[in-house]
Amino acid sequence: MFEFKWLSLLTFALLINLYDILGYHFTLIRRSTQLPEQVIIKAYRVHQLLFEMIIILFIGFVIGWKYSIGCVILKWFGLQDVLYYLILQKKIPEKFTWMKWTPFGILKGDLSGNEVIFQAAIGIIISILILIFS
């Protein structure tokens, strides 16, 4: 990763996906608590965000801030959600109701599976352009 700095983007995407796959599975699916699911989801999202921020800051301090910005763009454009379904070999949902924080989601609200894939592709392109031109 240190010799090929652009791999930090791929490493980031894979790390946060691994964290989400394992964290979601063990926090929500295999939970041994009787807390309501909404409480558990909120708590999980807090530590998920903290993990992502730590990785982004690490990349920024060790590899470079333009790489951190590229990682943030990948996350914001929803690549992590697309990879989640691809890695688990699950069908991509026809409707994404939880991606209102992404660029297309801010404009439209609920997104179709194709819109999320298109948005993630745009995020990849923007991240690569940032690395090339900065």
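Scroll up a little and you will see the structure.
Figured I'd write up the structure that's included with this text. Everything numeric in this text was worked out from a predicted model, so none of it was measured. (Residues numbered from 1 in each chain as written. Predicted model: local features only at pLDDT ≥ 70, side-chain atom pairs only at ≥ 80, totals over all residues. Heavy atoms only, no water.)

1. Side note on helix 4 (residues 79–87)
- Within helix 4, seven of the nine residues are buried, which leaves it mostly tucked inside the rest of the structure.
- Among the residues of helix 4, Leu-79, Gln-80, Asp-81, Val-82, Leu-83, Tyr-84 and Tyr-85 are the ones counted as buried.
- The first or second residue beyond helix 4 is Gln-89, which carries a positive phi of 55°. (Buried < 20%, exposed > 50% of the residue type's maximum accessible area, 1.4 Å probe, protein only. Helix = DSSP H or I, 4+ residues; strand = E, 2+ residues; numbered from the N terminus.)

2. Considering the packing of aromatic side chains
- According to the stated counting rule, one finds seven aromatic pairs in the structure shown.
- Summarising the aromatic geometry, the rings of Phe-61 and Trp-65 are spaced 4.9 Å apart at their centres and angled 75° between planes, so their arrangement reads as edge-to-face.
- On the accessibility criterion, Trp-65 (43% relative accessible area) is partly exposed.
- Geometrically, the ring pair formed by Tyr-85 and Phe-96 is edge-to-face, given 6.0 Å between the ring centres and 90° between the ring planes. Of the two residues, Tyr-85 sits in helix 4 while Phe-96 sits in strand 1 (residues 95–96), which places them eleven residues apart along the sequence. Here Tyr-85 matches Phe-96 in class, with each residue buried. (Phe/Tyr/Trp six-rings, centres within 6.5 Å; stacked < 30°, edge-to-face > 60°.)

By themselves these figures say nothing about function.
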